[in-house]
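Chain and residue survey
Spelled out, the chains give:
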Amino acid sequence: MSIALEHVNYIYSPGTAYEKHALKDVSFEIGQGQFVGIIGHTGSGKSTLIQHLNGLIRATSGKVLYDGQNIYDEGYDMRKLRSQVGLVFQYPEYQLFEADVLSDVCFGPKNQGLSQEECEKNAREALELVGFPEKYYRQSPFELSGGQKRRAAIAGILAMHPKVLVLDEPTAGLDPKGRDEILDQIEHLHRETGMTVVLVSHSMEDIAKYVERIIVMNRGEKMLDGTPREVFAHYRELEKVGLAAPQVTYVMHDLKERGFPVSADATTIEEAADEIMRSFHD
Amino acid sequence: MIRDITIGQYYPAESVIHRLDPRVKIVCTLLFLVSLFIQNSVLGYGLATIFLVCVIRISRVPFKFIVKGLKPVVILLLFTVVMNLFLTRGGETLVHFWIFTITESGLRTSVLMAVRLIYLVIGSSLMTFTTSPNGLTDGLEKLLHPLNRVNVPVHEVAMMMSIALRFIPILLEETDKIMKAQMARGADFESGNIIQRAKAMIPILVPLFVSAFRRANDLAMAMEARCYHGGEGRTKMKPLKYRARDRWAYAVTLLYLVLIFAVGRFVSFRLWIF
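Because the structure is a prediction, the values reported are computed rather than measured.

Here we take up the overall build of chain B. Counting its secondary structure elements, chain B contains 11 helices and 2 strands. Each helix and strand of chain B, ordered N terminal to C terminal, gives the series α-α-α-α-α-β-β-α-α-α-α-α-α. Relative to its length of 274 residues, chain B is extended, with a C-alpha radius of gyration of 24 Å against a globular reference of 19 Å. The dimensions of chain B, computed from C-alpha atoms along their principal axes, are 65 × 60 × 40 Å. Taken across its 274 residues, chain B has 21% of its residues classed as buried. A fraction of 77% describes how many contacts in chain B between residues 6 or more apart in sequence connect residues 24 or more apart.

A count of helices and strands for chain A gives 11 helices and 10 strands. Computed over C-alpha atoms, the radius of gyration of chain A comes to 20 Å, within 12% of the 19 Å expected from 2.2 N^0.38 for 282 residues, which places it in the range of a compact globule. Overall, chain A is about 65 × 50 × 35 Å in size when its C-alpha atoms are taken along their principal axes. Across the 282 residues that make up chain A, the buried fraction comes to 42%.

Listed by partner, the interface residues are 21 residues for chain B and 24 residues for chain A. Put simply, the parts of the chain that give the side of chain B that touches chain A at least two residues each are helix H8 (154-184) and helix H10 (202-225) of chain B. In terms of residue count, H8(B) provides more of the side of chain B that touches chain A than any other element does, 7 residues in total.

This part takes up unusual backbone geometry. Excluding glycine, residues mostly carry a negative phi; peptide bonds, for their part, are mostly trans. One non-glycine residue, Asp67(A), lies in the positive phi region at around 60°. Along the chain, Asp67(A) turns up in the loop between strand S4 (61-66) and strand S5 (69-70).

With that out of the way, let us pick up the UniProt feature "transmembrane region" (unreviewed entry) in chain B. The UniProt record annotates "transmembrane region" (unreviewed entry) at residues 26-58, 70-88 and 248-273 of chain B. Across residues 26-58 of chain B, the secondary structure splits into 88% helix and 0% strand, with the terminal C-alpha atoms separated by 17 Å.

Turning our eyes to something else, we now look at the sheet that holds strand S2 (residues 20-30) of chain A. Here we have 4 strands laid out as an open sheet, ordered S2-S1-S4-S5 (chain A), and antiparallel in their pairing. Either end of the sheet is taken by a strand with one partner, and the two such strands are S2 and S5 of chain A.

A few words on the domain arrangement of chain B. Examined at the domain level, chain B breaks down into domain 1 (2-131 + 242-266) and domain 2 (154-225). The straight-line distance from the C-alpha centre of domain 1 of chain B to that of domain 2 of chain B is 33 Å.

On to helix H6 (residues 104-130) of chain B, then. What sets the pattern is the α-helix's 3.6 residues per turn: residues three or four places apart point alike. Residue and element names in this part refer to chain B. The end-to-end C-alpha separation of H6 is 39 Å, in line with the 39 Å expected for 27 residues at 1.5 Å each. Looking only at H6, the buried set comprises Gly-106, Arg-108, Thr-109, Ser-110, Gly-123, Ser-125, Leu-126, Met-127, Thr-128, Phe-129 and Thr-130. Next to the buried residues of H6 lie helix H1 (16-19), helix H2 (22-37), helix H3 (42-59), helix H4 (63-68), helix H5 (74-87) and strand S2 (100-103).

Further remarks concern the packing of H2(B) against helix H7 (residues 133-143) of chain B. All names here are of chain B. Where H2 contacts H7, the axes come no closer than 8 Å and their chain directions differ by 75°. Here H2 is positioned roughly perpendicular relative to H7, judged by the angle of their axes. In this structure, H2 uses Pro-22, Arg-23 and Ile-26 to contact H7, whose residues at the interface are Gly-135, Leu-136, Asp-138, Gly-139, Leu-140, Lys-142 and Leu-143. In terms of residue class, the contact of H2 with H7 is made up of 5 nonpolar, 2 polar and 3 charged.

Right, let's get into H10(B). Helix length check: H10(B) (24 residues) gives 34 Å between terminal C-alpha atoms against 34 Å at 1.5 Å per residue, within 8%. Among the residues of H10(B), those classed as buried are Pro203(B), Ile204(B) and Pro207(B). Buried residues along H10(B) sit against helix H3 (101-111) of chain A together with H8 of chain B. At the exit of H10(B) stands Cys227(B), carrying a positive phi of roughly 65°.

Next up on the list: the sheet that holds strand S8 (residues 196-201) of chain A. Residue and element names in this part refer to chain A. In spatial order, the strands read S6-S7-S8-S3-S9-S10; together these 6 strands make up an open sheet with mixed pairing. Two strands bound the open sheet, and with one partner strand each, they are strand S6 (85-88) and strand S10 (221-226). Within this sheet the neighbouring strands show an average axis-to-axis angle of 15°, counted without direction. Where strand S3 (residues 35-40) lies against strand S9 (residues 213-218), 5 bridges are found, and the strand directions are parallel. Directly across from Gly-40, in S9, lies its bridge partner Met-217.

A separate point is the packing of H3(B) against H6(B). All names here are of chain B. Where H3 contacts H6, the two axes come as close as 11 Å, and the packing angle between them is 25°. Put simply, H3 runs roughly parallel to H6. The crossing of H3 and H6 is left-handed. Between H3 and H6, the contacting residues are Tyr-45, Ala-48, Leu-52, Val-55, Ile-56 and Ser-59 on the first element and Val-115, Tyr-119, Ile-122, Gly-123, Leu-126 and Thr-130 on the second. Looking at side-chain class alone, the contact of H3 with H6 contains 9 nonpolar, 3 polar and no charged residues.

Parameters and conventions
Residues numbered from 1 in each chain as written. Chains lettered and ligands numbered in written order. Predicted model: local features only at pLDDT ≥ 70, side-chain atom pairs only at ≥ 80, totals over all residues. Helix = DSSP H or I, 4+ residues; strand = E, 2+ residues; numbered from the N terminus. Rg over C-alpha atoms; globule rule 2.2 N^0.38 Å. Buried ≥ 20, exposed ≤ 12 C-beta atoms within 10 Å, placed from the backbone. Contact = placed C-beta atoms within 7 Å. UniProt positions renumbered as here; feature names shortened; annotations may be inferred. Pairing = 2+ DSSP bridges. Domains from an automatic or database assignment. Expected span 1.5 Å × (residues − 1). Axes fitted to C-alpha atoms, helices over the stretch in contact; angles between N-to-C directions. Parallel < 35°, antiparallel > 145°, perpendicular 65-115°, else oblique. Nonpolar A, V, L, I, M, F, W, Y, C, P; charged D, E, K, R; others polar. Left-handed = near helix turned anticlockwise from the far one by under 90°.

Right, dumping it as structure tokens:
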């Protein structure tokens, strides 16, 4: 189950004063089971980009291939695509509408045509996966805390058993504890189910720890694409476009410049600590 | 899809018309609308056409954009034309076919009526194309200021108007977002009968209402936090002031109005049946 973009361009409101070239010749492929981070400054085109992945917006030119098949082909089953590529929007809690959490999570499976029992089974599983406490299942989604609402909304997508999970800034507006919990849960999910996960964020710090590959977007173009280590090696260029490598990258570079025998490519605090310890032992 | 509605939209551009005082644009638009009703002759409409074309050219709003704004009134326009064409009696009969009769005055009324309607829409949308919503409400507030003396809460009404206008694009965007989010969950808004389709709107309407109330609440708090307490003693950062160009605009429009009036009154010029 791979998703590939080939030379995708997208232009908002072409031919008017509001015309905006949001994506410029973007190509990449995401393989089955990858954990990918898409990073970019506000307005770099990341949200536009991910809406192409499940066919919610149609590229002005270029192709989107899901499993080798062009999704813009005539008669392509978009609804099936949408249930296989689950897209969690930014602030997904604003899409909750049902009287209680469980029925809201059932909305997706119900649209897939499952029976009431199956819907509920899937919904319970999904809620459990995101760590949503069972005592709130029958509560109105509008009475929950921010973090719980977000979990319920993510469960609403997971209940459809997607093969690919795309999350647009899943931690926006959460406190540090809520942020870590959600990200840990997503990583856990990735490990347990082998699902392909695409995580969109504007914070390097957030995703460096989790993803195996980072795609950096800048002004609608793909700027960098590689492992966190490769991407953060370009930390000077990242700064120029208003992004930054994780703080630990800077610490390690500083140490190296001042003559400590460390290598500067650590991307997480744990790696950096190991590297420093190693340099002392040598 | 929803973004395609252009009627009442602002079109940012650099032009004299854009820089005019909003009051001038409101008053002159009203005068232009009046000018369409005080005469009914080819010459008059010719004058109106020249006036309108000049203003459009000066405003630098693309003609294509203006025509797009006519789309919503097409049905009304067709209805008016058809009704007038077949139901107006008078003058010589031009075409007679089965139960349909088109007479001279039927053709005349329907053509002139169509032109009048189109000019009405173009004239008033030119005002909104060239004036930002805030400018419009500012202008209206200042124009209606005298009504304060008879206890009409002019400032409050203007403020409500500007907030309502400001919220239109926000809510459209929000609708778009919620629709997409529900589509990502497999919602289907296109198939099914009327009842099924109405039911399919619930997942959009509930979050939309919730969000509208949340935003209204946030805005009210933000306004109170900045000590908003209505119009009394409130000053403006950019108070409206007439400049030379505004006086010229008034002068040109008045001249046009006088001409139209004179043409309607004293010149009789006929082109075929019109």
